[in-house]
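Structural overview
Here is how the chains run, residue by residue.
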Amino acid sequence: MAMTAVARETVFTLRRQIAKIEGTLPERLQAPAATTLDAGAGSDLTIVRRGLAAALPDAFLPIGVERLDAALSGGLPKAALTEIHGLETRDAGAVAGFALSLVSLILNQAQGLPILWIGTSEIFHEAGFPYARGLHACFGIEPGQLLFSEAPRLVDALWVAEEAARMTALAAVILEIRGNPQRLDLTATRRLHARAQAAGRPVFLLRQAAEPEPTAAPVRLIAASAPAVPRATVAGPLAGSIGHPAFTISIGKSRTALPGQFTLEWNPDERRFDERRGDERREWAENSVPVVSLSRDRKDPAAAAGEILAFPAVGSSVAISPTARDQPPPGQRAAHLGPRRAG
């Protein structure tokens, strides 16, 4: 029992030191039994600490979903670094859409201030830029409010993000990174988090196709797209229609919450999130229908591998299919096929 008490005291001390180093991060510490108010009760006392300062009532950005906000102890911290992960490259649109939804909530309290979106040339070429007309229609963001900084290298993007994170003239800073680069280590994220705290502004770190790793961000959310339910009408769900965009949000890391998963719908008209419960998910699965028909000239969307050669080898007598003959030469791509992010 004595060794157990010593171990608990050591863990408590270490966690308290970490909270002090990280500043005003939310920290839920488990006090040893010896420090409880009622020593005879034998129960532990749960102490909620935020470094050396108490959290103000408006220190959090409520997402608007009761269960998720309760799990996050009030919402996302406003003056902090928050990670939003996409496990695969195809989740880039969902990650960006969720981040823009959060920015829309922030702009309700910071009218007129712009948002700075920072990324490398690689990430913008891969995932594209947000669609300007959709910014106002879906999120209430004027195209002139969203500023972009395209950096040739990651070290340049980090420098721009650190300088922007200290500015109070921005409503929020978004830094988009691909993968797990070595330069984005614990030290780099600690600098971003410290400057966000000093400026009192949120910094969102969007990570595409990345694996979780230690960072200074107190919250890490994993975002992916979720199936849309049919559009709701006064007569009930409209069969074959597509309703509001939906996200699957998982809590990957939080100092005050256990791992959990939520399905959220973004209402672009009222600019708020709604949670989709289990009954609605089952209803979508039962009533789902294909909204895109198959190809007219064949049953399968794609031919089997090796049956059609777009460019036969030199000296080969294989005939080129009419479909392949219509393809553009290498290096050329139709303008309408360029990458464009949804939203």
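Now for a look at the structure at hand. Quantities reported herein were computed from a predicted structural model and do not represent experimental measurements.

A few words on the nonpolar core. Ile-84, Phe-98, Leu-102, Ile-115, Phe-204, Leu-264 and Phe-273 are the most contacted members of the largest nonpolar core, which has 43 residues in total. The leading source of residues in this core is helix 3 (residues 92-107), at 11 residues. Ignoring sequence-local partners within four residues, the contact set of Phe-273 consists of Ile-63, Gly-64, Val-65, Phe-98, Ser-101, Leu-102, Leu-105, Phe-247, Leu-264, Glu-265 and Trp-266. Counting 21 residues, the second-largest nonpolar core is a separate cluster that includes Ala-164, Ala-165, Val-173 and Leu-192.

So, about the packing of aromatic side chains. Think of a pair of aromatic rings as described by two things: how far the centres are apart, and how the planes are tilted against each other in angle. For the structure on display, the rule yields nine aromatic pairs. For the pair Phe-247 and Phe-273, a centre-to-centre distance of 6.5 Å together with 75° between the ring planes defines the contact as edge-to-face. Here Phe-273 lies in strand 15 (residues 272-275) and Phe-247 lies in strand 13 (residues 246-254), a separation of 26 residues in the sequence. You can call Phe-247 buried: its relative accessible area is 6%. Judged by its relative accessible area of 2%, Phe-273 falls in the buried class. Every member of this aromatic cluster is reached through a ring pair, and the members are Phe-98, Phe-139, Phe-247, Trp-266 and Phe-273.

Attention now goes to the sheet that holds strand 15. Taken together, the nine strands give an open sheet; going across it, the order is 7-6-8-9-5-10-13-14-15, and neighbouring strands pair in mixed fashion. Each of the sheet's edge strands pairs with one partner strand only, and the pair in question is strand 7 (146-151) and strand 15. Put simply, the sheet's adjacent strands are angled 25° from each other on average, direction ignored. In this structure, strand 8 (residues 172-178) lies alongside strand 9 (residues 203-208), joined through six bridges in parallel fashion. Along strand 9, the bridge assignment pairs Leu-175 with Leu-205. Against the sheet, helix 6 (residues 154-165) contacts strand 6 (115-120), strand 7, strand 8 and strand 9, and its axis sits at roughly 165° relative to strand 6.

Another aspect to go through is the pattern of salt bridges. Taken as a whole and judged by the stated rule, the model has 13 salt bridges. Arg-195 is paired through a salt bridge with Glu-163; the nearest N and O atoms lie 3.6 Å apart. You can see Arg-195 sitting in helix 7 (residues 186-199) and its partner Glu-163 sitting in helix 6, a full 32 residues away along the chain. On the basis of relative accessibility, which here comes to 29%, the residue Glu-163 falls in the partly exposed class. Within this structure, Glu-83, Arg-207, Glu-213 and Arg-220 form a network of salt bridges that share partners.

Parameters and conventions
Residues numbered from 1 in each chain as written. Predicted model: local features only at pLDDT ≥ 70, side-chain atom pairs only at ≥ 80, totals over all residues. Heavy atoms only, no water. Core = buried A, V, L, I, M, F, W, Y, C linked by side-chain atoms within 4.5 Å. Buried < 20%, exposed > 50% of the residue type's maximum accessible area, 1.4 Å probe, protein only. Helix = DSSP H or I, 4+ residues; strand = E, 2+ residues; numbered from the N terminus. Contact = heavy atoms within 4.5 Å. Phe/Tyr/Trp six-rings, centres within 6.5 Å; stacked < 30°, edge-to-face > 60°. Pairing = 2+ DSSP bridges. Axes fitted to C-alpha atoms, helices over the stretch in contact; angles between N-to-C directions. Salt bridge = Lys/Arg side-chain N within 4 Å of Asp/Glu carboxyl O.

The analysis is restricted to geometry; functional conclusions fall outside its scope.
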